[in-house]
Amino acid sequence: MSCIARAETARISLATSSRLLLAIVGAASLAACAQSPAGRQKADLAATGRHAAVERPHKVAALHRRPISRVRIPDGDAKQTTSHGVASFYSDTETASGEKFDKNQLTAAHPSLPFGTKLRVTDVSSGRFVTVRVNDRGPYVRGRVVDISPSAAEALGMVDRGITNVRLDVVQ
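None of the values given here were measured: they were computed from a predicted structure.

### Observations regarding the nonpolar core
Part 1: L119, V121, V132, V146, I148, V166 and L168 are the most contacted members of the largest nonpolar core, which totals 18 residues.
Part 2: Listed by contribution, the elements that provide at least two residues to this core are β3 (118-123), β4 (129-136), β5 (144-148), α3 (150-156) and β6 (163-170).
Part 3: Beyond its immediate chain neighbours, meaning those up to four positions away, I148 contacts S88, F89, Y90, T107, A108, V121, A153, L156 and M158.

Dropping the structure here:
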């Protein structure tokens, strides 16, 4: 065998052995990664006779809608009840009283007044007022005392602004 042939054989065997060594190292590192810490912890707990605690995701408490400002109707004269705050208008498909929402009626949503209560809603900046009937619950936005229907908002002239400062007077 010539010197060149021996050198080629040595080079081939060196390349083959290098590839074999890389394959073994790669397989060993993959085998080490395959064992998860959770699997080892379960095996450790099983060996000691203890049971693994199952972690459950915490439950977030339900957010209850709370009215911010409530109007209380005294037992005697209901006309004395007045409150001040911000009014907005809304459109919905169903009301809390079970009625179908009609944007053409003069209705309102109030957090605590009984259904059927008539309110005089007065815009404090313009002095315009409208009498509405409570048939829904709300508003659920901090600082707002009443939601009125679009036709009532139009009567107050607040459609372009969206909200306005109002005074509420219980009429009946």
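Now that the structure is up, let's keep going.
### With respect to the side chain of T122
Part 1: Within the secondary structure, T122 sits in strand β3.
Part 2: A relative accessible area of 8% means that T122 is categorised as buried.
Part 3: Setting aside residues no more than four positions away along its own chain, T122 makes contact with G127, R128, F129, N165, V166, R167 and D169.

### Notes on the sheet that holds β6
Part 1: Pairing is mixed around the closed barrel formed by six strands, whose spatial order is β1-β5-β2-β4-β3-β6. Across this sheet, the average inter-strand angle for adjacent strands is 45°, counted without regard to direction.
Part 2: Two strands pair when backbone bridges link them, and strand β2 (residues 107-109) and β4 are joined in this way by three bridges, in the parallel orientation. The residue of β4 that forms the bridge with A108 is V134.

Definitions and limits used
- Residues numbered from 1 in each chain as written.
- Predicted model: local features only at pLDDT ≥ 70, side-chain atom pairs only at ≥ 80, totals over all residues.
- Heavy atoms only, no water.
- Core = buried A, V, L, I, M, F, W, Y, C linked by side-chain atoms within 4.5 Å.
- Buried < 20%, exposed > 50% of the residue type's maximum accessible area, 1.4 Å probe, protein only.
- Helix = DSSP H or I, 4+ residues; strand = E, 2+ residues; numbered from the N terminus.
- Contact = heavy atoms within 4.5 Å.
- Pairing = 2+ DSSP bridges.
- Axes fitted to C-alpha atoms, helices over the stretch in contact; angles between N-to-C directions.

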